[in-house]
Each structure stands twice: as C-alpha cells, then as structure tokens.
Amino acid sequence: QVQLVESGGGLVQPGGSLRLSCAASGKAFSINAMGWYRQAPGKQRELVASIVSGGSANYADNVKGRFTISGDNAKNTVYLQMNSLKPEDTAVYYCNADTYVYATYRHLVVWGQGTQVTVSS
C-alpha cells in the first residue's frame, strides 16, 4: 500500500508564501505523476499543479506565475512553493499520486489526508 503524508500548511497573510511537501511511502512501487489539488468550502476539488516523473509540470491558470511544483524522485516527494498568496487560495490542499504497484501489477491513485492553507490578514 502506498501512503502520502503532507505537511507545510498554515495561516499566512495575503502576499505571503508557503511551501507544501508530500512524501510517498510504501513497498515496491513507482510514481508516474504527482499533483496538488485543493478544495475550498462549497466548491469542487480542483487541480492546482501536477508533475510527471520526467519533470514536466502543469498548472491551473489561476496559479501560474505564483506557484511552482517540483519533485525529488530519490525521496518520492513533491513540493508546492506558493508565493503571492491571495485570500482566494484558501482551501484544503490535497496531494495526489499516480503510482504503479509491482506486487499487484496495477496502477493505484493515492490521496493524502489534506492540509489547510488559510490566507487572511
């Protein structure tokens, strides 16, 4: 079983920065892609950014130029650097991984437990 553990959320003032981390752990698996989603109260979960194992990244239009996703393949960890934060960035941020589990020969999509990001003065 693959597990994701997120960290780095918190309260920040508008214009501030936060860095989220998500580490994947488990036995005999590989990661095809990882990403960050967010869900604000009363809204649907939306993709924020994603990165594939080769390093190519994709961003939602409303975070381009402010957020940067990066990965450390050796540590099975993905990061989300969030700069110039706005109140509308307030949400629970979830890590997501598209994995391949060798024991079952299957792809497995895994979600983290979520971390709260609040942007407020």
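Being a predicted model, the structure only gives us computed values, none of them experimental. (Residues numbered from 1 in each chain as written. Predicted model: local features only at pLDDT ≥ 70, side-chain atom pairs only at ≥ 80, totals over all residues. Heavy atoms only, no water.)

Novice: I'm lost on the packing of aromatic side chains in this one. Help?
Specialist: Summed over all chains, the structure comprises two aromatic pairs. Each ring, one from Y37 and one from W111, has its centre 4.9 Å from the other, and the planes form 65 degrees; the classification is edge-to-face. Of this pair, Y37 sits in strand 4 (residues 29-39) while W111 sits in strand 10 (residues 106-111), and the two are 74 residues apart along the sequence. Of the residues examined, Y37 reaches a relative accessible area of 22% and is grouped as partly exposed. On the basis of relative accessibility, which here comes to 37%, the residue W111 falls in the partly exposed class. Measuring from centroid to centroid gives 5.5 Å for Y100 and Y102, while their planes differ by 75 degrees, and the two rings are edge-to-face. (Phe/Tyr/Trp six-rings, centres within 6.5 Å; stacked < 30°, edge-to-face > 60°. Helix = DSSP H or I, 4+ residues; strand = E, 2+ residues; numbered from the N terminus. Buried < 20%, exposed > 50% of the residue type's maximum accessible area, 1.4 Å probe, protein only.)

Novice: Is there a simple way to explain the state of the cysteines in this structure?
Specialist: In a disulfide, the sulfur atoms of two cysteines are covalently bonded to one another. Counted according to the given criterion, the structure contains one disulfide. Linked covalently through their sulfurs, C22 and C95 form a disulfide whose S-S length is 2.0 Å. Measuring handedness by torsion sign, the sulfur bridge of C22 and C95 sits at about -85 degrees and is left-handed. Here C22 is found in strand 3 (residues 18-25), whereas its partner C95 is found in strand 9 (residues 91-101), with 73 residues between them in sequence. The class for C22 is buried, based on a relative accessible area of 0%. Given the relative accessible area of 0%, C95 is considered buried. (Disulfide = S-S within 2.5 Å.)

Novice: I would appreciate a short explanation of the side chain of T99 in the present structure.
Specialist: Inspection of the secondary structure puts T99 in strand 9. A residue is classified by how much of its surface remains accessible, and T99, at 0% relative accessible area, is buried. At 2.8 Å, the side chain of T99 and the backbone oxygen of L108 are in polar contact. Non-local contacts of T99, meaning those with residues more than four positions away in its chain, are made with V2, F29, S30, I31, N32, R106, H107, L108 and V110. (Polar contact = N/O pair within 3.5 Å; in protein donor to acceptor, adjacent residues only side chain to side chain. Contact = heavy atoms within 4.5 Å.)

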